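Each chain, written out:
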Amino acid sequence: MHSSTSNSDLEFTRAIPDVPWRRMLLAVALITIAATVLWEINARALGYRPTLNDTPDLWAEARSSVQPDSLVLLGTSRMLFDVDLDLVEKQLGQRPVQLSIVGSSPFPILADLASEESFRGTVLLDIVPAMYLAPAGPPVEASEKALQRYRTWNHSQRWSHRLGVILESHLAFLKQEDLTLAKLLERLPIPDRANTQIAPAMPPYFYTIDRNRRARMFDEAAVVGSPLQQRIAHGWLPLFSPPPAPSFIPVEQFQQMMGQAVEARFVETARHVARIQSRGGKVVFLRLPVTGPLHEREEQLAPRVATWDRLLRENNVPAIHFAEHADLAAFDCPEWSHLSAPDSVEFTRRLVPHLQTALNNHPVAPMLASGGPTPARSALAR
């Protein structure tokens, strides 16, 4: 039996209001442009300038450029700030690939290079013991996030990154660390609840970075006593304070778990370094400048004898510790953790001769039975 309701009764026609759509579109476009210009002016007035964001995409781009015989820089933000890529290339004859990550443990990336059977290059490994030996937490997560991006990087993300590079090169307000909505909301003066464990605040944006991931400190951040320098310097100590043990795990059990995880890190480091060396590659450990109260805090948290010295004993690698060389120890980090842009160039100029000595004088471990000799393609291979 047919329904008494016809299809025509169910038809609906949307009424389009008779308004000046073109003028409305023009008005919205003008308001958007005006708001963007005002926000850009405000960002520059606050001291920001156009520069790239150090995103996982930028890191993945660098990681994709690693060749079997590449010179690779691994480490924390100190390697990003303190080592000048142009000088290293000029003196060592090979352009380095910068794979260091701010606030990270480079261990996961060292493991990634060790697992790449074709890699037989040179790794300069910047070690901040408290961060390198961290078994978990933000330092490890930072490196794993970058590696995950590299492993799953698709064409859409690559094109989005290329567009982002163009925009970030010209607009100051595109700052992921400070000027996103989420970061601005974090600045609201909302009191924390009682007994809430809040992570220490990260330092503000205070550097530029280029397509090769060479970072340079803002001039203001290098002026001791400036508001920016003070804010950065006094933010390091909370970040280098160990978090309390979880309330649901007895303190003794937590300490035992952490101790076992750190022991595993020592063992795995030796295994990864030996694996790179077995293919004819080289690894050099670096301890870059750190000064002031932060140096004292790092020594309390990860004493040199128990960390750096042990890493050297258990790995057949050359090492350069800034404190052991008068020419490298002469630098003062204005915010305790990184060198200013001019000092980083001079520091690199002094560091390279030490690197040449370390690379030329330290023997390479025997090859794997399945591998052949590595051809000499630069001063690094001698």
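Here, every reference points to the structure presented above.
Undergrad: How do you make sense of the packing of aromatic side chains when you look at a structure like this?
TA: For any pair of aromatic rings, the description consists of the separation of the ring centres together with the inter-plane angle of the planes. In this structure the tally under the stated criterion is 9 aromatic pairs. Both rings, one in Trp-59 and one in Tyr-150, keep their centres 6.5 Å apart while their planes meet at 85°; by these two values the pair is edge-to-face. Taken as a pair, Trp-59 in helix α3 (residues 56–64) and Tyr-150 in helix α8 (residues 138–152) lie far apart in primary sequence, 91 residues in all. Looking at Trp-59, the relative accessible area reads 1%, which means it is buried. Looking at Arg-49, its charged tip hangs above the ring of Phe-218, at a distance of 4.1 Å from the centre.

Undergrad: I keep staring at the packing of helix α5 (residues 85–92) against helix α16 (residues 341–361) and nothing clicks. Help me out?
TA: A pair of packed helices is characterised by two quantities: the angle between their axes and the separation of those axes. Their axes nearest at 9 Å, the elements α5 and α16 cross at an angle of 35°. Seen from above, α5 lies across α16 with right-handed handedness. Touching Leu-87, Val-88, Gln-91 and Leu-92 of α5 are Val-345, Thr-348, Arg-349, Val-352, Gln-356 and Leu-359, all from α16.

Undergrad: Would you explain the nonpolar core in this entry?
TA: Inside soluble globular proteins, nonpolar side chains tend to come together where they are buried. Judged by nonpolar contacts, the single largest core of 50 residues is most densely connected at Leu-124, Phe-206 and Leu-286. Of all elements in the fold, only β1 (71–74), α4 (77–82), α5, β4 (207–209), β5 (215–217), α11 (227–239), β6 (282–287) and α16 reach the threshold of two or more residues within this core. The dominant element in this core, judged by the number of residues it contributes, is α16, at 5 residues. Beyond its immediate stretch of four places on either side in the chain, Phe-206 contacts Phe-81, Arg-216, Met-217, Phe-218, Ala-221, Leu-228, Ile-232, Trp-236, Glu-335 and His-338. One finds Leu-74, Ile-109, Leu-113 and Leu-125 within the second-largest nonpolar core, a separate group that totals 29 residues.

Cut-off values and rules
Residues numbered from 1 in each chain as written. Predicted model: local features only at pLDDT ≥ 70, side-chain atom pairs only at ≥ 80, totals over all residues. Heavy atoms only, no water. Phe/Tyr/Trp six-rings, centres within 6.5 Å; stacked < 30°, edge-to-face > 60°. Helix = DSSP H or I, 4+ residues; strand = E, 2+ residues; numbered from the N terminus. Buried < 20%, exposed > 50% of the residue type's maximum accessible area, 1.4 Å probe, protein only. Lys NZ or Arg CZ within 6 Å of the ring centre and 35° of its normal. Axes fitted to C-alpha atoms, helices over the stretch in contact; angles between N-to-C directions. Left-handed = near helix turned anticlockwise from the far one by under 90°. Contact = heavy atoms within 4.5 Å. Core = buried A, V, L, I, M, F, W, Y, C linked by side-chain atoms within 4.5 Å.

Everything listed here is a matter of geometry and, on its own, says nothing about what the molecule does.
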